[in-house]
Every structure is written in structure tokens, then in C-alpha cells.
Amino acid sequence: MTEKKLLMGNEAIALGAIEAGVQVATGYPGTPSTEALETVIRYAERGGIYTEWSSNEKVALETAVGAAYSGAKALVTMKQVGLNVASDPLMSLSYIGVKGALVILVADDPGPHSSQTEQDTRAFGHFANLPVLDPATPQEAYELTKLAFELSHEYEIPVILRTTTRVSHGSGDVELGTKAEMEAGQIEPVAWDFEGFTKDRRWTIFPRLTAERHPWLEGLQVQLSERFSTLPYNTVSGKGKIGILASGVSALYAKEAIRGFEEIFTLFRIGTVHPFPEKAALDFLKGIENLIVVEELDPYLEEEVFKLIGKKHLAVDVYGKKNGYFPVSGEYSVGLVLDGIDKVLEAVGEPSRLPHASPVVLREELPPLPIRAPTLCAGCMHRTVFYAFKRAAKQFRKEAQVGQKEQTEQAMQATQTAQEEQAMQAVQTSQTDTIFSGDIGCYTLGNAHPLNMVDTCLCMGAGVSIAGGLSRTNPEAKHVAFIGDSTFFHSGIPAVVNAVYNEADITLAVLDNRTTAMTGHQPHPGIGVTALGSSSKAIDIANVVRSCGVEFVKTVEVESLAECVEAAKTAMEFKGPSAVVFKGKCVGITKSDKHCVIDPELCTGCGFCVKQLGCPALALPGGEGGEGGEEEEGEKARILDNCSGCGLCAEICPSEAIKTEEVLK
Amino acid sequence: MKFDILIAGVGGQGVVLASRLLALAAMKAGFHVSTAETIGMSQREGSVSSHIRIGDEVSGSLIPVGQADLLLGLEPAETVRNLAFLKKGGQVIVNTHEIPPASKPPGSPAYDPEGLLSFLKASCPGLLCLDFTKLAGEAGTPKAANVAMLGAAAGTGVLPFSKETLQKVLEAEIPEKYRAVNSTAFESAMERIS
Ligand code: SF4
Ligand code: SF4
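A quick note: this is a predicted structure, and the numbers were derived from the prediction, not measured.

Okay, the overall build of chain A next. If you tally the helices and strands in chain A, you get 21 helices and 23 strands. Over its C-alpha trace chain A gives a radius of gyration of 29 Å, about what one expects of a compact globule, namely 26 Å for 665 residues. Based on the C-alpha atoms only, the size of chain A along its principal axes is roughly 80 × 65 × 60 Å. Counting only residues that meet the buried cut, chain A has 57% of its 665 residues in that class. By sequence separation, contacts in chain A at least 24 residues apart represent 78% of the contacts at least 6 residues apart. A total of about 27,500 Å² of accessible surface is found on chain A, and carbon and sulfur atoms cover 53% of it. For chain A, the separation between the mean place of its 59 positive charges and that of its 86 negative charges on side chains is 4 Å.

Take a look at the structure:
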């Protein structure tokens, strides 16, 4: 017997791809998908696999497509919103197909835990006419990855392997094939045995080619549906008269919820969700009058089964999201599935009830608990930059208010009613404000209290263009767009070009901490290091911005707050697009040799540092605001072990009580 | 057999490592395991937890409410936050070491670790509380509090595998540099409990 390994779902997928003979792997980091490509990268050098972190998901997919056109086996990885970025090539690719094999790992995030949407890639597969596999455990993820490569090769179509957070980021015992069982250091290089690119009109999409290929694509849906009905990844268990249809991790929740009551139910688990395996579903539905559908995110299976019931005139009642038996959004759990099934049992007049667990205490009985929201690390450069812009904006507001006060006073003499006065004040505040557009990365956390420095956040790269739009409709306000280094390369550049082309009066603040921090510190085009760690050309952000035509470009090393404020202010004063590239280190990957200490003699206990910065290394006894929440002057602030000595608090302390020390770490 | 363990703490306390060690020990003992961890943005000083499900059958990685057999709390507030997962009669081991939240957004209740500990004592008979951070500090580094708590768990005898199995996993998984400190923390916590 082969020994089992404890693997995270994403690792199992990588090993499945290696077992299948993957030759090219690309991707863009995104939680919860990142570890899949990271694992392939670990094996890449010995395994002879070409791997890259691409500049964005569209580029990653297109790179993998080029490889697959040549007959190679390719893998591309991304999170669900990354698929939106890659959807342009993907939608056309369905018609063209591939030659070697192309597997697209897309990780969905019910909840969501760390995403901006709760979209469902099963529905995307339906929209794009592409097969979708939906594993429930790391073991299944491993097996379905191998199946995805086989199917893609056989049918010459890209195959989507869709996971959710609990599968990608869950770990479990996995039994591996011989090749994947090997450690990164022992693996044999994969044969580079594909035939190479052959010129053929099939690779050049044209309306006529699309018209020719469309019937093929539709026919493939029927073929695949039939094939899927025969595969062992769709299983029926039990002989009860109430049917349960489920896929992914929800199927395991359902299985656990009915434990001990299996005789009432028949469970149909689907691993190959799209195209829907109709024949297998029909077999399962024989003798079933009541059907429960358990699935997170979209009612995808529910709609498929509705179509089937309609088509075949079946007398089956369906209980799912559409009639309110299960939640339409959010992550599922065993308890939630239990509740749903219980409601159905009651509706169909089934006397038995499933047993519910009895916790020690109910959630509702817990005492009030402090909110522990994620925050920027202690000493993160983003905090300094956010705080600098906060100060700069405040100065502008003051200046503007002084100016406006004079104007208002003159106007006041002319106006009479209190109403008019009020209206005028409301306009004043909005006009003199600065609007801060944020973006996706660790720095989205700048929205949290007490910084409150992110007024908008939509998707990767959107901050710059949204600031441009806001500048048209709020011309009196200042507009600042924060963007991280990796996000800048991902999708920020076209927005900068647009700001210059259309003369938007915005300030671009690039938070360049030399890494893709939020997803676990992957390299990017600005660093001069590839996925494998070899050196490459580092693309300089300031030069890119300059060459786009931005006339005010400044680079600042984030060391002193005063310098950052100065840079922020001059950039904001500049008429037209301006940019400041703030360069610093991500403390998540750099060891600091400094630490700050508070001199208790000098500290007055005003709490200013704690309340202004929200640095996790700064604390007042009993938390911010002191015991009981309200100001309790006199309690001295403390600096904790996780201080990295950035010196920001020292710079703002009104009593100059904070000093920096060198430490040996 | 089914045994569900929940580990709760704050980002940076080593919840994920502790969960991996328990999962590996369970596998060594011949069980299926599935775990669910908080990974990504929420780790930055946020609440984190890890679910470890051990059994003869493969199950979904999230422990259902009211089913955990053991709750290891690396911090008082995070222990209470996850208490509804514990089944009646389940075992709780809590690290009394306080970690105040990094910021206090408007409306967030005050941090009251003493109140929370008395709540725990009142609701969980057989509660084991100890300052594992201090104990680990005495062993060499406060960072080994997570491993010390595993020692305590082994000391209670509730785990579905032997303490030797867990110790073997520790030896294999912890880099040599930190091995001695971690085993001292593990053993002294185990002794304190049993
Ligand atoms: S990981 Fe780096 S970028 Fe992210 S919050 Fe921490 S210091 Fe800032
Ligand atoms: S110097 Fe101050 S602001 Fe910087 S990490 Fe230390 S406590 Fe936080």
C-alpha cells in the first residue's frame, strides 16, 4: 500500500497535475487558489515544468493557451474573480479548443472569506460551454485533476476544475500515484514530448470559424453529458424515497446530516457538474417524488434538475434555494443543511426528525466579544502612507475652509434663511474633502478604523479609473488612488494611460512594498525575480508611469512620515495626473533590527498614538480607549513585542515619548 | 470513531501548525482526517481557527456546531468565540495569556479576559486553564505556546492517539533548530496537566 500524505487541496491539485504530466503551469495569485501553483513551482526545476507567475489572469490563461495549442499539457490557476479578468480569452477559446490539454483551476469562495464576490464557477462553465469538475475533498481534487487532463486531451476542450475555499484550503489524507508521491527533490523530469505548433486555420478565430465551430461546441455538451453519466465520480447511495442532489463539499455536509437516517434518503453526489449528467440523474430520480438540492452559491444543480424534470414530465417536487428551504448565499455547514432537510421533512409529512447536536452553550448565550478585525501588520509601510495622506488632506481641508469661510461670510450677508445656510455647509464639506479610492491587496485594510482611508474599492485596478470618474463629477474635491505594486502591473497601467489621455486631475499613490503581500508574497514584474527565483529584468514603476506621460512623478522611500506628507501634498497640488511611488519593505517578509519603546516618564497617557494609527503593536491597557471603552486619561501606552520599529508612532507622539532602539534579532 | 478538535486563536499564534501536527498524528494512528484553516487576509491579527476532524470516515472539514470533542483555545476571547462548537461534556483547554485586539472599532465590546475566563469556568466543567505562553516562555520561547497546548491535550488522555505518536510527529515536523524548545514546552505542559 502506498503511504498517504497530508495535503492541502491546492497541493493535491498540483500533484494531480504533475501525475498527469503537466508541462506548462501559469497563474496569478488569488486566495484561495494560490498554493496550487506554488506547489507546482516547488517541483518545477527538477520536474522540468515551465512555470510562471503571470502579470494577470488573462495573460496567464493566454500563455497556457499558447502551450496547449502546441500540444503541451498546461495548467492555469486563479481565483473566481480572476476568471472574470480571463473571461475574454476564455469565451473565444471554447470555440477554438486546444490540442494538448488545458486545465483551468478556479477557486470559488462561498462566504465570502477573502473575495469581492460570491460568484459560482459552475455557472460560468455553463455560460462558456466548458466542462466543470467539482471535488469535495483533497483526495477527490487530486483525482479530478487527473481526470480533467484526460478529458481535455480527449475532447480538445479546456476543462475547469472548480474548488471552493474548504476544498482548496482544507487538508486531508490523500493516496497518491507513484510519480506524485515523490518529493520535490526526487522527481523525474517530465518528457517534453509534444509535437509543437502546427500552422492551421483552426487557431485563428474569425466569424466564419466561430460559425463553423459553434455546432461542434453544442454537440460536445451532449457527448460530455453522456460520458459524465458513466463516470464513477457521480455516485448514488441509499434507497430511501427522498432524494438529495449535491456537489462539492455540500455533498459531505448532506451525508453527515442524514447519518443514522440513511434509509429515508437516496443521495446523488455529482463530481462532474457541467455538462449535467442527465442520464445518471434520470436513473437516480426513478421512484423519487421529493428531491432536496444542497449546494453553495448559485442554484446551479437545482436549475439543471428543473430542466430535466420539465423535459421528461417527471412528477418530482424540488426543495432548494428557489423555494426558500436553503439559504441563497453564504457558506453552508452541516448544521445549516440539517435545518434545511428538517424543514423539508416537515413539508412532506415525514414523521422522523434528524437529531440536532446540543452545544455546551448556544451562540446567542455568549458574552459580548471584542471585534478582532484583520489589520495591517505592525510597521507596515501602508500605514505610514495612509496616515501621510490623511494629514495632507487635512491640511488642504483647512486651507480650503479658510478660503471658503471668507466667501461664505460674504454670501451669508446676502442669504437669509437657515435652510440655505445648512445647504451651503453640506456642500462645503464635500467640496473640500479628498476622496480616496482604494484597490485590492493588503492595503484594502486601510479602510479599517482608525485609518478609514479607503472610500471606494471595486476590483483589481479599478481605483485609478474610479478616481478619474469621480474627478469629473466632484471637481472641487481632491482625488487620490492607492494601488499596490502587483496590482499596478495586473491592471493599473491602462487606467494610468487613460488618466493621462483624458487629462484626469488625480493623484496616483503606488504602495510599492516589493511583493504580492496579501496572497503570501509572490514575486511580480517589478522585483526582478521570477517564480522560480531566478533573476529577470525589474520593471520600474516610476518609469512606466513617466512613459505613460504623467508629468509629476516622485519616488519616496517610506522612512519618515514628514517626507511622505510633503510628497503627498505636492502631488495633490499638481494640476493633472500626478504620481508618487512609495517604496518600502513588507514587514511580513523582512526582519527588522529596530524596536520602539515608550518612556513612561514622558508618556502622558493621552493615547494619541494608539487611537490614530491602529498599529497592532501599540496598546493601551484594556485596549484602545482604556478599560470600559471610554477615555481614561493617564493610562500609559505600551509597545508590544511585534513592533518592527518603523518609527511612525514616535513621529506623531505629541510628548516625544517614543524612542527607537536597535535590537539584535 | 469520530473525534473533532477545534483550535482557536489570533493570527500569528501558530494555529495552523498545531492543526497540522494533530492531523499527522491522527493519520499515523490510521484515521482519516480533514482540516479547515483560516488562511489569507484574516490572519493579520484577526481571529483564526482550525477545525480538525478525525474518524473512520471522510467528512467535510467544518465541525458542526455542538460536536467538537476538544477545544484548544490559545486566547480567552477566541476560546469563547468558538464555544458553541463544543459538545456537551467536551473538553476545553484554554491559554489564559491575554491578547487585546489591535484596534477598537466603534461599537466593539471591551476586552475583558477575566470576565471571559469566569464565563468559561461556569459553562465548562473540567476546564483546564493555564498561561501556556508563560510556560512556553520558560521553556525557551513564548511562541511555543501552541505546542505546549498540544502537550496539555496529550496529558488529558482524551486524544484518539497516544502521546508517543504525537511526539514522533513533532520530532519529524519541527525543524531541528526549534525542536528542543518545543519538546520541553510539550513535556512540561503535559506534566502540569496530568
Ligand atoms: S503583509 Fe506586508 S503589506 Fe501586508 S499588512 Fe503586513 S506588512 Fe503590510
Ligand atoms: S514603531 Fe510604533 S507604529 Fe511602528 S510598529 Fe512599532 S509600535 Fe507600531
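Let us now look at the site of ligand 1. Lining the immediate environment of ligand 1, one finds Leu376, Cys377, Cys380, His382, Cys442, Asn513, Ala517, His521, Cys586, Val587 and Gly588 of chain A together with Arg44 of chain B. In this structure ligand 1 sits where residues from chains A and B come together. Partitioned by chemical class, the residues of the shell around ligand 1 number seven nonpolar, four polar and one charged.

Residues and elements named next belong to chain B. Two numbers describe how helix α5 (residues 145-156) lies on helix α7 (residues 176-193): the axes approach to 7 Å, and their chain directions differ by 40 degrees. Both α5 and α7 take part in a crossing whose hand is right-handed. For the pair α5 and α7, the contacting residues are Val147, Ala148, Leu150, Gly151, Ala152, Ala154, Gly155 and Thr156 in the first and Asn182, Ala185, Phe186, Ala189, Met190 and Ile193 in the second. Broken down by class, the residue content of the contact of α5 with α7 amounts to ten nonpolar, four polar and no charged.

A few words on the interface of chain B and chain A. The partner chain A presents 55 residues to the 57 residues of chain B that form the contact. Both sides together, the interface formed by chain B and chain A hides about 5,100 Å², and carbon and sulfur atoms give 61% of it. Our enumeration of links across chain B and chain A arrives at five salt bridges. The salt bridge partner of glutamate 75 of chain B is arginine 372 of chain A, with a shortest N-O separation of 3.0 Å. When residues of the side of chain B that touches chain A are traced back to their parent elements, those giving at least two are α1 (15-28), β2 (32-37), β3 (47-55), α2 (76-81), β5 (86-95) and α3 (113-123) of chain B. The leading source of residues in the side of chain B that touches chain A is β2 of chain B, at six residues.

Here we take up the confidence of the model for chain A. Taken as a whole, chain A shows an average pLDDT of 92; of its residues, 93% reach a score of 70 or greater. Between residues 625-632 of chain A, whose pLDDT stays under 50, and residues either more than four places distant or in other chains, the model counts 15 contacts.

Residue and element names in this part refer to chain A. At a closest axis distance of 7 Å, the pairing of helix α1 (residues 9-19) and helix α2 (residues 34-47) adopts a crossing angle of 45 degrees. By the angle between their axes, α1 is oblique relative to α2. Both α1 and α2 take part in a crossing whose hand is right-handed. Every residue of α2 that contacts α1 at Asn10, Glu11, Ala14, Leu15 and Ile18 is listed here: Thr34, Glu35, Ala36, Thr39, Val40, Arg42 and Tyr43.

On to the site of ligand 2. As a structural note, the neighbourhood of ligand 2 is formed by Ala378, Gly379, Cys596, Cys615, Ala617, Leu618, Cys643, Ser644, Gly645, Cys646, Gly647 and Cys649 of chain A. Each residue belonging to the shell around ligand 2 can be placed in one class, and the counts come to eight nonpolar, four polar and no charged.

Parameters and conventions
- Residues numbered from 1 in each chain as written.
- Chains lettered and ligands numbered in written order.
- Predicted model: local features only at pLDDT ≥ 70, side-chain atom pairs only at ≥ 80, totals over all residues.
- Heavy atoms only, no water.
- Helix = DSSP H or I, 4+ residues; strand = E, 2+ residues; numbered from the N terminus.
- Rg over C-alpha atoms; globule rule 2.2 N^0.38 Å.
- Buried < 20%, exposed > 50% of the residue type's maximum accessible area, 1.4 Å probe, protein only.
- Contact = heavy atoms within 4.5 Å.
- Areas by Shrake-Rupley, 256 points an atom, 1.4 Å probe, with all protein chains shown as cover.
- Lys, Arg positive; Asp, Glu negative; His and termini not counted.
- Charge placed at Lys NZ, Arg CZ, Asp CG, Glu CD.
- Near = heavy atom within 4 Å.
- Nonpolar A, V, L, I, M, F, W, Y, C, P; charged D, E, K, R; others polar.
- Axes fitted to C-alpha atoms, helices over the stretch in contact; angles between N-to-C directions.
- Left-handed = near helix turned anticlockwise from the far one by under 90°.
- Buried area = accessible area lost by both parts, 1.4 Å probe.
- Salt bridge = Lys/Arg side-chain N within 4 Å of Asp/Glu carboxyl O.
- pLDDT = per-residue confidence, 0-100.
- Parallel < 35°, antiparallel > 145°, perpendicular 65-115°, else oblique.

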